[in-house]
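Take a look at the letters that make up each chain.
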Amino acid sequence: MMVWRQLAFVAAIVAPTVVYAGEQPLYEAAPAWVVATRLPDASESGGGPMLYDAQQRIDGATVWSYFDTAVKLDTPEALSQNSNVTLAWLPDKGDLIIHELSIVRNGEVIDALAGGQKFTVLRREQTLEQRELTGILSATLAVEGLRVGDVLRLRMSTTVKDAALGGRAQLSLPLVAQPARVAAANYHLSWRSTDKTQWKLLASGVDAKVGKSGGFSDLSFAVPIAKQPEMPGDAPARYQMPPVIEASTFADWADVSRTMAPLYATDGTIADGSPLAAEVATIEAATDDPLKRAAMALQLVQDKIRYLAVGMDGGNYVPQAPAKTWEVRYGDCKAKTLLLLALLHAMDIEAEPVTAHAGLGDIVASRVPSALAFNHVLVRATIGGETLWLDGTDLGTRLADIRDTPALGYVLPVRAEGADLLKIAMRPPARPYIDLSIDADESTSIDLPSVIDLTMVMRGRFASLLTLASAQLGPKEQRKLTEQFLQSYVGQAQYESLTTTTDAEAGTATIKGRGVFSTGWKRDDRRMERWLSRIPDLLSFAPDRARPAWADIPVATAAPDLAHYRMRIRLPNGGEGYKVEGEGALDGRFAGYGLKRSVTLADGAVTVDETLASSGAEIAAADVPAERDRFATMTARAPRLIAPQDARRRWQLAASDRPSGTQLAAVEAIFAKVAKDADEDNVTPLAGAASFHSGIGDYKAAIADYTRMLAILPSADTYLSRSYARQSVGDVAGALADAEAARKLDPSSSNAIGAVAMLTAEQGDVDKAVAMLDERIAIGGKQRDDYKLGKASLLGEYGDAQTALDVVNAMIEEKPGSPWLLNARCWIKGTREIEVESALKDCTSAMELSDSSASILDSRALAWMRLGRDEDALRDLDAALLQAPDLGSSRLLRAIVLKRMGRIDDANRDLAAARRIAPSLEREYARYGLKP
């Protein structure tokens, strides 16, 4: 999928471990063709792996793999990690043979099996959670008597002969590459000289030597091989194949195709009068259209047969019979493909199996012809001259999707006469995997949370997985999972209602929800704007091809996918004054994606409609610079909605904005409903309600929200939040009690210590408050200066102003040029009316040194006011509020200045806003002799 997060619902199945009484390892000498390797001296290894010798031989249809390994157990950790030896093999295809298990100690070789110790054979289905039964057996042994400093050596072999390959042999072995270190290591491969064996090293920088000996050809090379070239992460898979050596006795790809063909013969697989014959009859009676018949057959296989891979008893390549698959109602890709083929052939629809690799299909053409090049099989049908790729292991495919193409790269048609590789030509899907529509109400204020009604329609695996979740999870768990899924597309939201319904006929699942989520409006360049396009958040394109070795490497793009997004936002004041900037209409290809977009602003609402499609096409290296430029330009021109300067803000709301049906009333109602569901596992609804109520100045409601949170899940942060809310409504004693509770929960919290000190001072005990901060200052550490500045602020507000200035002056001497310290000194001088003339200089210097000047302008305005220069003060306050309209202190100061100037109505508006933003400001400024 494109960039969407995939959902995974996996039933928790415990994979059994069973002591196996059947096949057992053999204990024999190594075969005569093995070339013995000298164990290096322990001093040569420096600890860790000492020996890695891999020797493989293709002898007719049998592949021998011999390994000689030794590791020095130089630490307790190495001893713990290596004291249990576990070896895996497939008993239905060959043997596990133990040649030697020994301990080398001070030059002495100790046979670890001499005392009669034997490997215990277990059957551990470790991939059962992934719905796979492998049949792999594990021989395990806890080596007795191992000590730190020992060398543990193991020599063993496995043999593999697969009857399904028709006498052919194949192998593929990952290679150890630098920077991995092994004291002595090599690889050796041999095969009968009379056999037409093909081999290939899928690695660079390997000096392989080829020769002949005793009727066998061979090649060898040292390992670890050279470190493989780094590749960009966005390179196609064929550039990122891990280093391996491959060999096989298949003549070519056509030989592989012919060998597999008998396994998928369908003649006689559906008996007359059988349940499968009845299913065929039902489909044929429903429609004469072969395309519809194929879609119905595919739906039958996808929906009625659950996936379970069975690799036992030769099942790696041999599919389960269709009748058996229908009887047990499970099967892997082979079983589902054969069943689908049988159904299609019974209806005279042309179809054939094709083998593929789900992940490395791009590199198949570069590999040695063998069945190991593939790990998947599906159906290629031809109807009305069209090629259709039908995958029984997929989910939710319906008639509308039947022409969709899988991202499998090269595939191999399986035919009796043989076939060559075929590359799938990909195209975007016919229907969106995600179709999201959101109606957002922001008609009261751009600061409030958006009230949203959303509908998300999903198909394919998304729909099937949500359907599975609804069947297997309880209501609470299902809702939590749905919310987590939606978060990837909507962000953090609180939902008063959330439902999921499924449509088996359409193969879709639909989520409908109503809730609130954080406003998308942000302040930028002194104006409020809202980005409308999802593309900048969903897509990126920044390939790095600067290295000369990467200059010709193309860029891989996302597999075929399709998504559709629509959002309609109802705006305040009927949309008057709102405008769209940027490029609204878009229709083109960018960075491998087909993008379509329209933006309309009409009838008091803005509507954005976007479609993103990908087909998996590569971007040639030569086209990358131009494509990066096009993508960057497109992203920079993405549309954004601009609010007018007089847009209604949260501090301008009044009781008249709360009638039923308004955005504000809806937000309050939703938070009231979702808050009822808060519990220890999720207090987010209450936190959201508290934040909302604080934002609109309803601190009494916020206190109630925080109180409920504390009853459910106490925390220092919540106590501090309630402390601030209580202080805002004038309950200083309650605020202090909460701050002390926060400090009790987290004694090291600087926020809690600072709050306790300030509130203690506000209640009149300045000496105690200062002593508390002095104690922390004496401890030192990274927060020492924070406590010093807190002490200066406390003294500046409640204590001796000159002492406060002395503290700040000393700090400025240590850190000259700090705009925040200069601003603090300016503020203390202005509030306490001392050295006011120099306060102007402090604030001006601070502004010259700071990137953010709103709070400094606020301080300088107070200094102007103290000097009786109200016009200058008003100019600074206007500038401060242009940068930060929600700065409550500037609102209050401007109200005082405007009242002095006789602009009573303007003053009252600012005073009302200040009281809503920070109700405690009037009480604080009254201490400075400043009253509106």
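Residues numbered from 1 in each chain as written. Predicted model: local features only at pLDDT ≥ 70, side-chain atom pairs only at ≥ 80, totals over all residues. Heavy atoms only, no water.

A. Expanded view of the overall build of the protein chain. Along the protein chain, the regular secondary structure elements total 27 helices and 37 strands. With respect to the three principal axes, the spread of C-alpha positions in the protein chain is 110 × 80 × 55 Å. Within the protein chain, buried positions represent 52% of all 932 residues. For the protein chain, long-range pairs separated by at least 24 residues make up 71% of all intrachain contacts whose partners lie at least 6 apart in sequence. Here the protein chain has roughly 41700 Å² of accessible surface; of this, 50% comes from carbon and sulfur atoms. With 104 positive and 122 negative side-chain charges, the protein chain shows a spacing of 2 Å between the two charge centroids. (Helix = DSSP H or I, 4+ residues; strand = E, 2+ residues; numbered from the N terminus. Buried < 20%, exposed > 50% of the residue type's maximum accessible area, 1.4 Å probe, protein only. Contact = heavy atoms within 4.5 Å. Areas by Shrake-Rupley, 256 points an atom, 1.4 Å probe, with all protein chains shown as cover. Lys, Arg positive; Asp, Glu negative; His and termini not counted. Charge placed at Lys NZ, Arg CZ, Asp CG, Glu CD.)

B. Just helix α24 (residues 870–883), in detail. Here α24 contains 14 residues, and its C-alpha end-to-end distance of 20 Å stays within 8% of the 20 Å for a straight helix at 1.5 Å per residue. Listed in full, the buried residues belonging to α24 are Asp870, Asp872, Ala873, Leu874, Asp876, Leu877, Ala880 and Leu881. For α24, the elements touching its buried residues are β30 (522–524), α23 (854–866) and α25 (888–900). (Expected span 1.5 Å × (residues − 1).)

C. Structural context of the layout of surface pockets. Taken as a whole, the second largest pocket holds about 960 Å³ of empty space. Only α15 (716–728), α17 (750–762), α19 (784–798), α21 (819–832), α23 and α27 (921–926) provide two or more residues apiece to the lining of the second largest pocket. Of the residues belonging to the lining of the second largest pocket, the class tally is 16 nonpolar, 12 polar and 6 charged. (1 Å grid on protein atoms, 1.4 Å probe; cavity = no way out; pocket = protein on both sides within 12 Å on 5 of 7 lines; lining within 4 Å. Points joined across faces, edges and corners; volume = space filled by probe spheres on them. Nonpolar A, V, L, I, M, F, W, Y, C, P; charged D, E, K, R; others polar.)

D. Local environment of the packing of aromatic side chains. Using the criterion set out here, one finds 12 aromatic pairs in the structure. Measuring from ring centre to ring centre gives 6.3 Å for Trp33 and Trp64, while their planes differ by 85°; the resulting arrangement is edge-to-face. Pair noted here: Trp33 is in the loop between β2 (26–27) and α1 (42–45) and Trp64 is in strand β4 (residues 62–72), with a separation of 31 residues, a long-range link. In terms of burial, Trp33 and Trp64 fall into one category: buried. Seen in terms of ring centroids, Tyr699 and Tyr724 are 6.1 Å apart; in terms of plane orientation they differ by 70°. Their pairing is edge-to-face. You can see Tyr699 sitting in helix α14 (residues 699–712) and its partner Tyr724 sitting in helix α15, a full 25 residues away along the chain. By the ring-pair criterion, three or more aromatic residues cluster together here, those being Phe462, Phe485 and Tyr489. A cation sits over an aromatic face here: Arg57 above Phe216, 3.6 Å from the ring centre. (Phe/Tyr/Trp six-rings, centres within 6.5 Å; stacked < 30°, edge-to-face > 60°. Lys NZ or Arg CZ within 6 Å of the ring centre and 35° of its normal.)

E. Up close: the state of the cysteines. Applying the stated criterion to the full structure yields 1 disulfide. The partner cysteine of Cys826 in its disulfide is Cys843, sulfur to sulfur 1.9 Å. The sign of the -100° torsion about the S-S bond sets the Cys826-Cys843 disulfide as left-handed. Of the two residues, Cys826 sits in helix α21 while Cys843 sits in helix α22 (residues 836–849), which places them 17 residues apart along the sequence. (Disulfide = S-S within 2.5 Å.)

F. Expanded view of the pattern of salt bridges. According to the stated counting rule, one finds 65 salt bridges in the structure shown. Notably, a salt bridge pairs Lys815 with Asp785, separated by 2.8 Å at the nearest N-O pair. Separated by 30 residues along the polypeptide, Lys815 in the loop between α20 (801–814) and α21 and Asp785 in helix α19 bring together distant segments of the chain. When its relative accessible area of 18% is taken as the criterion, Asp785 is described as buried. In this structure, the salt-bridge partner of Asp906 is Arg903, at a minimum N-O distance of 3.2 Å. With relative accessibility at 39%, the residue Arg903 sits in the partly exposed group. Within the structure, one salt-bridge network assembled from shared partners comprises Arg527, Glu529, Lys579, Glu581 and Arg640. (Salt bridge = Lys/Arg side-chain N within 4 Å of Asp/Glu carboxyl O.)

G. Expanded view of α17. Between the first and last C-alpha of α17 there are 18 Å, a value that for 13 residues agrees with the 18 Å anticipated at 1.5 Å per step. If you check which residues of α17 are buried, you get Ala752, Ile753, Ala755, Val756, Ala757, Leu759, Thr760, Ala761 and Glu762. Buried residues in α17 make contact with α15, α16 (732–745), α18 (766–779), α19 and α27. Among the residues trailing α17, Gly764 stands out with phi positive, at a value near 110°.

H. Here's a closer look at the packing of α23 against α24. Between α23 and α24, the least distance of the axes is 8 Å, while the angle of their chain directions is 165°. One way to sum up the angle between α23 and α24 is to call them roughly antiparallel. Relative to α24, α23 is oriented so that their crossing is left-handed. Counted together, Ala854, Leu857, Asp858, Arg860, Ala861, Trp864 and Met865 of α23 and Asp870, Asp872, Ala873, Asp876, Leu877, Ala879, Ala880 and Gln883 of α24 form the full contact between these two elements. (Axes fitted to C-alpha atoms, helices over the stretch in contact; angles between N-to-C directions. Parallel < 35°, antiparallel > 145°, perpendicular 65-115°, else oblique. Left-handed = near helix turned anticlockwise from the far one by under 90°.)

I. Just the sheet that holds strand β35 (residues 593–602), in detail. Spatially, the 8 strands line up as an open sheet ordered β28-β29-β27-β26-β32-β36-β35-β34, and their pairing is mixed. Lying at the two open borders of the sheet, with one neighbouring strand each, are β28 (493–503) and β34 (586–590). Looking at each pair of strands side by side, their axes are set apart by 10° on average, direction ignored. Of the strands in this sheet, β26 (434–441), β27 (450–459), β28 and β29 (508–517) are in contact with helix α8 (residues 461–472), which crosses β27 at around 105°. Against the sheet, helix α11 (residues 624–636) touches β34 and β35, its axis set at about 145° to β34. (Pairing = 2+ DSSP bridges.)

J. Quick peek at the side chain of Thr269. Tracing the sequence through the fold places Thr269 in the loop between α3 (253–260) and α4 (275–286). Side-chain polar atoms of Thr269 contact the backbone oxygen of Thr266, separated by 2.6 Å. Excluding residues that lie within four positions of it along the chain, Thr269 makes contacts with Pro322, Ala323 and Ala342. (Polar contact = N/O pair within 3.5 Å; in protein donor to acceptor, adjacent residues only side chain to side chain.)

K. Representation of unusual backbone geometry within the structure. Cis peptide bonds are those with omega within 30 degrees of zero, and the linkage from Gln178 to Pro179 qualifies with 20°. Relative to the helices and strands, Pro179 is located in the loop between β12 (170–174) and β13 (184–192). Cis geometry marks the peptide bond from Val223 to Pro224, where omega comes out at 0°. Look at Arg526: it is not a glycine, yet its phi comes out positive at around 65°. With respect to the helices and strands, the residue Arg526 is situated in the loop between β30 and β31 (527–531). Of note in this structure, Asp603 is not a glycine but carries a positive phi near 55°. Relative to the elements of secondary structure, Asp603 occurs in the loop between β35 and β36 (605–614). Judged by its relative accessible area of 78%, Asp603 falls in the exposed class.

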